[in-house]
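Here is what each chain is made of, one letter per residue.
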Amino acid sequence: MSNHQNNSVFEKINGDNHEQIVFCNDSTLGLKAIIGIHSTVLGPAIGGTRMWDYVTDEKGLQDVLNLSKAMSYKSSLAGLNSGGGKAVIIGNTKIKSEKLVKRFANFINDLGGKYWTAQDVNMSTQDLIWIKEKTKYVVGLPKEHGGLGDSSSPTAFGVYMGIKSAVKHISGSDSLTDKKVLVQGVGNVGRKLVNHLLDENAKVTVCDINTNNIELLSGKNITVVSPEEIYDSNYNVISPCALGGTVNINSLEKINCEIIAGAANNQLEDDELVPDILQKKNILYIPDFLINAGGIISVYHEQINDIDYKKVMDMTELIYDKVNSVLKHSEDNSLTTNASAIRLAKDRIKENSKK
Ligand code: NAD
């Protein structure tokens, strides 16, 4: 009789064939962290560390599994020689201290460069600087610490390129003049995206739960909507730039648009039902991990020690063509755009695993 349990940790890891999961524990400091390495076939796994007060440890594990897999796809599609990884520190940010962050950095260092970290939700630039004191395997550092600085500019530029490519696919022209675009979340990325859109005379509507971030756009020619009325109008493009999961069965009952293309990671609530609903509603979905790669392109250049901002932006501009390739693949193979992007990302990883 087999002693194997269903739903075991290994079953979860096997689902998407993760290479290695590292559980980091220091009870004195209250540190509980998980480093997820999905793939190192194309190169070292790169991806940020997120701190979050998960309801259960299992939710933290699931998040790190999803996020690290998405990083593999993102790097692969962007044409980078880097793999996919991500880390989560489980707990309320109140427990975060210099000691805890540095202890976590030691765990990263133990991996000898298999995983390189960067900034993600609830981790600050100061945290990265502390990490740097304990390990060299950290990217996304400020310029004065040898990095390329805030990656939200390349990320916003990549999303802008992706939107233009998608608009061209539908209308034959990539001009955004008079296109109605909703930017959901005007934080670091969303605000920069708004500026690109306004430069092209798009009709921009924004929504954010943080009024301070909306105020940073005061004086600009934009319309502001509340979260309650966000989907009351029709748009050419909706650009989710807040948190993940906003494209779901409930929101899709209200959403009226031609294109969804934004920066937020893991926008789709699930990978099966939601892409089908999008297709049925004739909404062109541009996968997040395809168009929000500007940030990884930037930190990858730090990882290979090529501190050249122009190269980062030139490579980010290629997202325009990559969107076009994914849309063509999706049409040629009768797949959803999400499935096509995943297929193309996996193909490149598979091709390299034979070498
Ligand atoms: P940010 O924290 O600066 O901005 C997020 C904004 O979304 C904030 O203004 C917040 O108030 C707002 N928001 C949160 N919930 C909302 C809601 N329900 N409705 C409307 N607004 C809401 O983050 P950012 O750096 O601008 O990143 C935006 C998204 O893009 C995130 O999902 C991030 O993971 C992803 N992303 C960022 C980068 C990068 O380089 N910064 C790279 C890749 C992906």
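None of these values were measured; they are calculated from a predicted model.

**Focus on the domain arrangement of the protein**
Here's step 1: Domain annotation of the protein identifies domain 1 (3-65 + 85-138) and domain 2 (152-293 + 319-349).
Here's step 2: Placing the centre of domain 1 and that of domain 2 at their C-alpha centroids yields a distance of 28 Å.

**Section: the packing of helix 3 (residues 98-110) against helix 4 (residues 125-134)**
Here's step 1: Axis separation between helix 3 and helix 4 bottoms out at 8 Å; the angle between their running directions is 50°. Taken together, the axis directions place helix 3 and helix 4 in an arrangement best described as oblique. The chirality of how helix 3 crosses helix 4 is right-handed. Each of Glu-98, Val-101, Lys-102, Ala-105, Asn-106 and Asn-109 in helix 3 lies in contact with helix 4, whose residues at this interface are Asp-127, Trp-130, Ile-131, Glu-133 and Lys-134.
Here's step 2: Residue composition of the contact of helix 3 with helix 4, grouped by class: 4 nonpolar, 2 polar and 5 charged.

**Considerations on the nonpolar core**
Here's step 1: Judged by nonpolar contacts, the single largest core of 83 residues is most densely connected at Ile-35, Val-183, Leu-193, Val-194, Leu-197, Val-204 and Ile-286.
Here's step 2: Three or more residues apiece are contributed to this core by two domains, here domain 1 (3-65 + 85-138) and domain 2 (152-293 + 319-349).
Here's step 3: With near-sequence residues (within four places) excluded, Val-194 lies in contact with Val-183, Val-186, Val-204, Val-206, Leu-217 and Ile-222.

**Re the site of the ligand**
Here's step 1: The full set close to the ligand counts 19 residues, and Thr-155, Val-189, Asp-208, Asn-213 and Ala-242 are the nearest of them.
Here's step 2: A distance of 2.7 Å separates an oxygen atom of the ligand from a polar atom in the backbone of Ala-242.
Here's step 3: Contact distances for the ligand include 3.3 Å between an oxygen atom and a backbone N or O atom of Ala-263.
Here's step 4: Within the complex, 75% of the 830 Å² of free accessible area of the ligand lies under protein.
Here's step 5: Counting residues per element, the ones that place at least two in the shell around the ligand are helix 5 (152-171) and helix 6 (188-199).
Here's step 6: In terms of residue class, the shell around the ligand is built from 8 nonpolar, 10 polar and 1 charged.

About the criteria used
- Residues numbered from 1 in each chain as written.
- Predicted model: local features only at pLDDT ≥ 70, side-chain atom pairs only at ≥ 80, totals over all residues.
- Heavy atoms only, no water.
- Domains from an automatic or database assignment.
- Axes fitted to C-alpha atoms, helices over the stretch in contact; angles between N-to-C directions.
- Helix = DSSP H or I, 4+ residues; strand = E, 2+ residues; numbered from the N terminus.
- Parallel < 35°, antiparallel > 145°, perpendicular 65-115°, else oblique.
- Left-handed = near helix turned anticlockwise from the far one by under 90°.
- Contact = heavy atoms within 4.5 Å.
- Nonpolar A, V, L, I, M, F, W, Y, C, P; charged D, E, K, R; others polar.
- Core = buried A, V, L, I, M, F, W, Y, C linked by side-chain atoms within 4.5 Å.
- Buried < 20%, exposed > 50% of the residue type's maximum accessible area, 1.4 Å probe, protein only.
- Near = heavy atom within 4 Å.
- Polar contact = N/O pair within 3.5 Å; in protein donor to acceptor, adjacent residues only side chain to side chain.
- Areas by Shrake-Rupley, 256 points an atom, 1.4 Å probe, with all protein chains shown as cover.

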